[in-house]
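Read off the chains here:
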Amino acid sequence: MRVNFTVNGRQQEADDVWEGESLLYVLRERMGLPGSKNACEQGECGSCTVRLDGVPVCACLVAAGQVEGREVVTVEGLADYARHREDAHPGGGCASGACGTSLDSAKRWQARPTDGRTGEAGELAPIQQAFIDAGAVQCGFCTPGLLVAADELLENSPSPSDQDIREALSGNLCRCTGYEKILDAVRLAAARQGEAARS
Amino acid sequence: MDFLRPASWEEALAAKAEHPTAVPIAGGTDVMVEINFDHRRPEYLLDLNRIGELSEWEVGQENVRLGASVPYSSIMEHLRAELPGLALASHTVASPQIRNRGGVGGNLGTASPAGDAHPALLAADCEVEAESVRGKRLIPIDAFYTGVKRNALEPDELIRAVHIKKADGPQQYSKVGTRNAMVIAVCAFGIALHPETRTVRTGIGSAAPTPIRAREAEEFLNAALEEGGFWENGKIITPSIAQQFATLASGACNPIDDVRGTAKYRRHAVGIMARRTLGWTWEQYRGAGRALEGAA
């Protein structure tokens, strides 16, 4: 079957999709976007986390046919997504209660061409930079899913408590780090976001 | 395999009538696991995501009509006052990613004894709105679970909504697992005080072939509370009553040994959860605020 949907702001069409295929498979194997990782295939590990119409979900548990006409943001589009959000809500976050990105502005958003394969994507989202600066990346396999989940947390909750961070990342497993540096990275990103909002 | 994408509820019913073997898929958190692992190759997948009304709820006078696909995250966020037990249970479901997709309709459709929503649904009391092209019917929750992963649905029926009684008293939910997220229940217990009818209802998960109520424990407690005038005087429940309630709840279990826990442990843990959750809800009932919202 054929599936039409938007990935990182670009209209995409996937052909000859098997009916039982997951969104994750389509992203990785058909669209050349291997950022979302394939690990458990049962929603346990969160390494395939993407935003589906703005909501974090496990791409391995979404049937490809279910994304027809919908919007997906993967880690490859995270930097652009974050920049766009910053333009729409300067200072980051949506403490005003007007959370997320309005449908209107989401529709106007166009991702700049990036090449997910070589990683020559240029700028990073603040959360990505924070992961690097805090040393939150070891083998890196869980990182894309954590970035997408953490970015969504900071979008809706600009100054999260440790409990909030733990809960938001409870669906993402990391087998290297013991999570402490990851928590540091999210705190760092939140602090920088707060500083930017004040200045 | 065929992927059916009905745009309306009527189309979905027609598709299910034409292809009774079609497997409905909404959040996909059960169905996709089975497909990914090659445990299941349904002839037809029936996607319900395009039917917006399944993700809506209505709060009425006595009931909440909860659409089958309302995600657990919405129940946690919006229905804590009306459905405190279910909101607490929803919070124990897997992870944020899963709670954003999964809903009560899927839990009921799968009818796993380990489904997190079941004990809360049994305790609150509800009816499952099932529909086919032949018509609509309301299945009492007590008659819904018919066996291990079996339910009372006919092959051509789909779950449209669940009509859950709004809380008229405190409700609690407790679940045993190895961590606070991403666990299938070793066992679970739900309790709801119904001061209007002066009854207590319960639900037990993962400790019998189906989700069950601890009926003997309920009957004992209802009689003991009545006899002692507890509903009026609001006194602390006598420890011996609480203990007997726990023992009877434990006795209602018919568990198995498996990788998650032994039958003996499950019986024991259900008794402990019964006693604790009774204590929590009763404290809420006695409390001046009579807060109905779940605590977690």
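None of the values given here were measured: they were computed from a predicted structure. (Residues numbered from 1 in each chain as written. Chains lettered and ligands numbered in written order. Predicted model: local features only at pLDDT ≥ 70, side-chain atom pairs only at ≥ 80, totals over all residues.)

Trainee: Give a detailed account of the overall build of chain A, specifying residues and quantitative values.
Mentor: Looking only at helices and strands, chain A features 7 helices and 5 strands. Ordered by position in the sequence, the α and β elements of chain A form the string β-β-α-β-β-β-α-α-α-α-α-α. (Helix = DSSP H or I, 4+ residues; strand = E, 2+ residues; numbered from the N terminus.)

Trainee: So what's going on with the nonpolar core? Which residues, and what values?
Mentor: A59(A), A150(A), L86(B), L121(B), A124(B), V270(B) and A274(B) are the most contacted members of the largest nonpolar core, which totals 139 residues. Residue contributions to this core peak at 7 residues, all from helix α5 (residues 143-156) of chain A. (Core = buried A, V, L, I, M, F, W, Y, C linked by C-beta atoms within 7 Å. Buried ≥ 20, exposed ≤ 12 C-beta atoms within 10 Å, placed from the backbone.)

Trainee: How would you explain the confidence of the model for chain B if you had to name every residue and give the values?
Mentor: For chain B, per-residue confidence averages 96 on the pLDDT scale, and residues scoring 70 or more make up 97% of the total. The complex model carries a pTM of 0.92, and its ipTM stands at 0.93. (pLDDT = per-residue confidence, 0-100.)

Trainee: Describe the UniProt feature "domain: FAD-binding PCMH-type" (unreviewed entry) in chain B, with residues and values.
Mentor: According to UniProt, the "domain: FAD-binding PCMH-type" (unreviewed entry) feature falls on residues 1-169 of chain B. Here residues 1-169 of chain B runs as 30% helix and 26% strand, with 47 Å between its end C-alpha atoms. (UniProt positions renumbered as here; feature names shortened; annotations may be inferred.)

Trainee: Pulling in residues and values, what's your account of helix α8 (residues 215-227) of chain B?
Mentor: Residue and element names in this part refer to chain B. Compared with an ideal rise of 1.5 Å per residue, which puts 13 residues at 18 Å, α8 spans 18 Å between its outermost C-alpha atoms and is within 8% of the ideal. Residues A217, E218, L221 and L225 constitute the buried set of α8. The buried residues of α8 all sit within an arc of 100° when viewed along its axis, so they share a single face. α8 presents A223 and E227 as exposed residues on the side facing more than 90 degrees away from its buried surface. Looking at the buried side of α8, the elements it contacts are β13 (199-205), α9 (230-233), α10 (239-252) and α11 (263-286). Just downstream of α8 lies G229, where phi reads positive at about 65°. (Expected span 1.5 Å × (residues − 1). Arc of directions from axis to C-beta. Contact = placed C-beta atoms within 7 Å.)

Trainee: For the pairing of strand β1 (residues 3-7) of chain A, give the residues involved together with the corresponding values.
Mentor: Regular strands show a simple pattern: their side chains alternate between the two faces of the sheet. Residue and element names in this part refer to chain A. Of the two faces of β1, the one holding V3, F5 and V7 is buried and the one holding N4 and T6 is not buried anywhere. Note that β1 and strand β2 (residues 10-14) share 5 bridges and pair antiparallel. Bridging from a neighbouring strand, T6 pairs with Q11 of β2. Counting the residues that bridge the hairpin from β1 to β2 gives 2 residues, and of these N8 lies at a positive phi of roughly 50°. Relative to strand β5 (residues 71-73), β1 runs parallel, the two sharing 2 bridges. Bridging from a neighbouring strand, V7 pairs with V72 of β5. (Pairing = 2+ DSSP bridges.)

Trainee: Describe the domain arrangement of chain A, and please don't skip the residues or the numbers.
Mentor: Residues and elements named next belong to chain A. As assigned here, chain A comprises domain 1 (3-73) and domain 2 (78-198). The interface of domain 1 with domain 2 comprises 21 residues on the first partner and 21 residues on the second. Looking at the side of domain 1 that touches domain 2, the elements that each hand over two or more residues are β3 (49-52) and β5. Ranked by the residues each element gives to the side of domain 1 that touches domain 2, the list is headed by β3, at 3 residues. Broken down by class, the residue content of the side of domain 1 that touches domain 2 amounts to 8 nonpolar, 9 polar and 4 charged. (Domains from an automatic or database assignment. Nonpolar A, V, L, I, M, F, W, Y, C, P; charged D, E, K, R; others polar.)

Trainee: Explain the interface of chain A and chain B to me, using residue names and the numbers behind them.
Mentor: The interface of chain A with chain B comprises 24 residues on the first partner and 24 residues on the second. At 4 residues, the largest contribution of residues to the side of chain A that touches chain B is made by strand β4 (residues 55-58) of chain A. Across the side of chain A that touches chain B, the residue classes tally to 10 nonpolar, 10 polar and 4 charged.

Trainee: Hey, could you go over the sheet that holds strand β2 (residues 23-25) of chain B for me, with residue numbers and the actual values?
Mentor: Across a sheet, strands are paired by hydrogen bonds formed along the backbone, either parallel or antiparallel in direction. All names here are of chain B. The parallel open sheet is built from 3 strands, whose spatial order is β1-β3-β2. In this open sheet, the two edge strands, each paired with only one partner strand, are β1 (2-4) and β2. Averaged over all pairs of adjacent strands, the angle between their axes in this sheet comes to 30°, without regard to strand direction. For β1 and strand β3 (residues 44-47), the ladder comprises 3 bridges, and the chain directions are parallel. Paired with L4 across the bridge in β3 is L46. (Axes fitted to C-alpha atoms, helices over the stretch in contact; angles between N-to-C directions.)

Trainee: So, the sheet that holds strand β11 (residues 171-176) of chain B: which residues are in play, and what are the values?
Mentor: Residue and element names in this part refer to chain B. On the basis of which strands lie adjacent, the open sheet formed by 3 strands has the order β11-β12-β13 and antiparallel pairing. The open sheet has two edge strands with one neighbour each: β11 and β13. Strand after strand, the sheet turns through a mean of 10° between neighbouring axes, direction not considered. Each of β11 and β12 (187-194) touches helix α4 (residues 84-91); the most contacted strand, β11, lies at about 25° to it.

Trainee: So what's going on with unusual backbone geometry? Which residues, and what values?
Mentor: In most cases, non-glycine residues show a negative phi, while peptide bonds are predominantly trans. Positive phi, close to 55°, is recorded for D16(A), a residue that is not glycine. Tracing the backbone through its elements, the reader meets D16(A) in the loop between β2 and α1 (23-30). Owing to 8 C-beta atoms within 10 Å, D16(A) belongs among the exposed residues under this scheme. You will see that D38(B), though not glycine, has its phi angle at about 65°, which is positive. Here D38(B) lies in the loop between α2 (31-36) and β3. Taking the C-beta count within 10 Å as the criterion, D38(B) has 8 such neighbours and is therefore assigned exposed.

Trainee: For the packing of helix α4 (residues 126-133) of chain A against α5(A), give the residues involved together with the corresponding values.
Mentor: All names here are of chain A. Packing of α4 against α5 leaves a shortest axis separation of 9 Å and a crossing angle of 120°. Classified by the angle their axes make, α4 and α5 are oblique. In terms of crossing hand, the pair formed by α4 and α5 is right-handed. Along the contact surface, α4 presents I127, Q128 and F131, while α5 presents T143, L147, A150, D151 and L154. Of the residues in the contact of α4 with α5, the class split is 5 nonpolar, 2 polar and 1 charged. (Parallel < 35°, antiparallel > 145°, perpendicular 65-115°, else oblique. Left-handed = near helix turned anticlockwise from the far one by under 90°.)

Trainee: With reference to specific residues and values, describe the pairing of strand β6 (residues 126-132) of chain B.
Mentor: The buried fraction of β6(B) amounts to 5 of the 7 residues, a majority that puts the element mostly inside the structure. What sits between the antiparallel neighbours β6(B) and strand β7 (residues 135-140) of chain B is a turn of 2 residues.

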